[in-house]
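Notes for the structure review
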Amino acid sequence: MRLLGFALALLTALAFGLYMVPRRFSGSSSSTFSTYMGIGVALTLAAPLLWGPGAFVLRGFLLAIGSGLVFALATHLFVLAVDRLGLSRATPVKNLAGIFGTLFGLTILAEYRGAGPWLILQLVAGSVMIALGAYLIGGIGDPGGQPQGAERSQAAQGFLWALFSAACFGFYLVPLRLATPLGTNFGYLGVGLGAAAGLVGPRLVAGRPGGARRDAGLGLLSGVLLAAGVLLGTPATRLIGLSVAWPLTQLNTFVALGAGLLWLHEFDARRERKRLLGATVLTLVGIALLAML
C-alpha cells in the first residue's frame, strides 16, 4: 500500500505540473478559459459521489463550498500569472502555497502547538529555501538586456498574481479541514460547486463564454487535470502521510519546467544551467526540511 501511496503522490505531481499546459495553446481570454476550467473541475470533483454516499452535514458542506470559492480565485489568479510569465516561471511562485498552508496551519488551525524553537527554525529555513528557488526560476527566460517598462510591469503583475494564487491555494484547505465530519465525497462535491460558482458565475453574468470548441476543450482538459490532482493527492496523504506526500507533489515544479523546456520552448536550458541547478538544489533542500516537520 505504501508503494501505491508513492505512485499516487507522483501522479498528483504530474497532474499539478501539467494542468496549465493547455492554457499555452488556447487563444481564449483568461476569464473564458477559467470558466471552462471551472466546469471541468466541478464535473471531476462530483465523480466520487458515484461510488460512495459519504456523510452529509450542512455546516460542513457550506464550508466546503467556501473552500471551492477560494480555490476558484486561486485558479483564476494562476491563469493570469501564466499569461504574463509563462508556465515555467509562474509555477514555482504558485508552489509557495505549501509555505502559506503551513503558516495558516500554525496560526489558524493551531498545528504544531507545542513546537519548540528548532522546529520553527526548520520551518523558516525550508520556506526561505523554497522561496529563493522560486526567485531563481523566476528569472529564467529573461532577456539579456534591461527589460522595457511594459515588459517589467507585466512580469511584476504576473509574480503578484502567482503569489496571491499561492496564498489562496494555501488557504483553501483551511475551511475544508474545519468542515469535518462532512464525508469526503460530499467535501469534493462542495469544493467543485464552489469552484464552478467562482469561475463560471462571473462569466455568465457578463454573458455566455462562447469561444471556439477547441479552446473550450482545452479549458475543460485543464480543469479535469487540476481536479484529478486533488483526487489523487487525498488518498496519497492517507497512505503515506501528509509529511511525505506533500513534498512529493511539490515536484510538480520540475514537471512544469520540463513541459516549459521540451514542449512549450519557454527557455534555453543551456543558457540557464547555473540558475536551474541552484534553484533545484534550494527547492529540494527546502522541501526536505518541511518534510521532516
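These notes cover the structure that comes with them.

Parameters and conventions
Residues numbered from 1 in each chain as written. Predicted model: local features only at pLDDT ≥ 70, side-chain atom pairs only at ≥ 80, totals over all residues. Heavy atoms only, no water. Helix = DSSP H or I, 4+ residues; strand = E, 2+ residues; numbered from the N terminus. Rg over C-alpha atoms; globule rule 2.2 N^0.38 Å. Buried < 20%, exposed > 50% of the residue type's maximum accessible area, 1.4 Å probe, protein only. Lys, Arg positive; Asp, Glu negative; His and termini not counted. Charge placed at Lys NZ, Arg CZ, Asp CG, Glu CD. Contact = heavy atoms within 4.5 Å. Axes fitted to C-alpha atoms, helices over the stretch in contact; angles between N-to-C directions. Parallel < 35°, antiparallel > 145°, perpendicular 65-115°, else oblique. Left-handed = near helix turned anticlockwise from the far one by under 90°. Patch = residues over 30% accessible without salt bridge, like charges linked within 9 Å, V, L, I, M, F, W, Y side chains within 5 Å. Areas by Shrake-Rupley, 256 points an atom, 1.4 Å probe, with all protein chains shown as cover. Salt bridge = Lys/Arg side-chain N within 4 Å of Asp/Glu carboxyl O. Core = buried A, V, L, I, M, F, W, Y, C linked by side-chain atoms within 4.5 Å.

**Things to note about the overall build of the chain**
Within the chain, the secondary structure is distributed over 13 helices and zero strands. Seen in sequence order, the chain has helices and strands lined up from the N terminus as α-α-α-α-α-α-α-α-α-α-α-α-α. A compact globule built from 293 residues should have a C-alpha radius of gyration of about 19 Å, and the chain, at 19 Å, falls within 12% of that. Overall size of the chain, expressed as C-alpha extent along the three principal axes, is 60 × 55 × 35 Å. Scored against the burial criterion, the 293 residues of the chain give a buried share of 48%. Of the side chains in the chain, 20 bear a positive and 8 a negative charge, and the two mean positions are spaced by 8 Å.

**Focus on the environment of Gly60**
Tracing the chain through its elements places Gly60 in helix α3 (residues 58–85). In this structure Gly60 comes out as buried when scored by relative accessible area, which is 2%. Separated by 27 residues in sequence, Gly60 and Phe33 place their C-alpha atoms 29 Å apart. The contact partners of Gly60, leaving out residues within four places of it in the chain, are Ala179 and Leu182.

**Focus on the packing of helix α2 (residues 30–46) against helix α10 (residues 213–240)**
For the pair α2 and α10, interaxial distance at closest approach is 7 Å and the crossing angle is 45°. Taken together, the axis directions place α2 and α10 in an arrangement best described as oblique. Viewed along their axes, α2 and α10 form a crossing whose handedness is right-handed. Between α2, through Phe33, Tyr36, Met37, Ile39, Gly40, Val41, Thr44 and Leu45, and α10, the contact on the second element is made entirely by Ala216, Leu218, Gly219, Leu220, Ser222, Gly223, Val224, Leu226, Ala227, Ala228, Val230 and Leu231.

**Looking at the packing of helix α1 (residues 2–18) against α10**
Where α1 contacts α10, the axes come no closer than 8 Å and their chain directions differ by 155°. By the angle between their directions, the pair α1 and α10 is classed as roughly antiparallel. For the pair α1 and α10, the sense of crossing is left-handed. On the side of α1, the interface is formed by Arg2, Leu4, Gly5, Phe6, Leu8, Ala9, Leu11, Thr12, Ala15, Phe16 and Leu18, while α10 contributes Leu225, Leu226, Gly229, Val230, Leu232, Gly233, Pro235, Ala236, Leu239 and Ile240.

**A short note on a nonpolar patch on the surface**
Residues Ile120, Val124, Val128 and Leu132 make up a contiguous nonpolar surface patch of roughly 300 Å² in combined accessible area. Residue placement: Val124 occurs in helix α6 (residues 117–138). You can call Val124 partly exposed: its relative accessible area is 44%.

**A closer look at the nonpolar core**
The biggest cluster of nonpolar side chains holds 46 residues, and the ones touching the most others in it are Met20, Leu45 and Phe71. Here this core gets 10 residues from one element, more than from any other, and that element is α3. Those residues in contact with Phe71 that lie beyond four places of it in its chain are Val41, Phe169, Tyr172, Ala195, Leu226 and Val230.

**Considering the pattern of salt bridges**
Counted according to the given criterion, the structure contains five salt bridges. In this structure, Arg24 engages Glu266 in a salt bridge whose closest nitrogen and oxygen atoms are separated by 3.1 Å. Residue Arg24 is found in the loop between α1 and α2, and its partner Glu266 is found in the loop between α12 (252–262) and α13 (273–291); the two are separated by 242 residues along the sequence. Between Arg275 and Glu272 there is a salt bridge whose closest N-O contact spans 3.8 Å. Of the residues examined, Glu272 reaches a relative accessible area of 5% and is grouped as buried.

**Focus on unusual backbone geometry**
Of note, the bond from Thr180 into Pro181 is cis; its omega dihedral lies within 30 degrees of zero at 10°. Mapped onto the elements of the fold, Pro181 is located in the loop between α8 (173–177) and α9 (184–206). The phi torsion at His265 lies on the positive side, around 55°, for a residue other than glycine. Judged by relative accessible area, His265 falls into the exposed class, the value being 61%.

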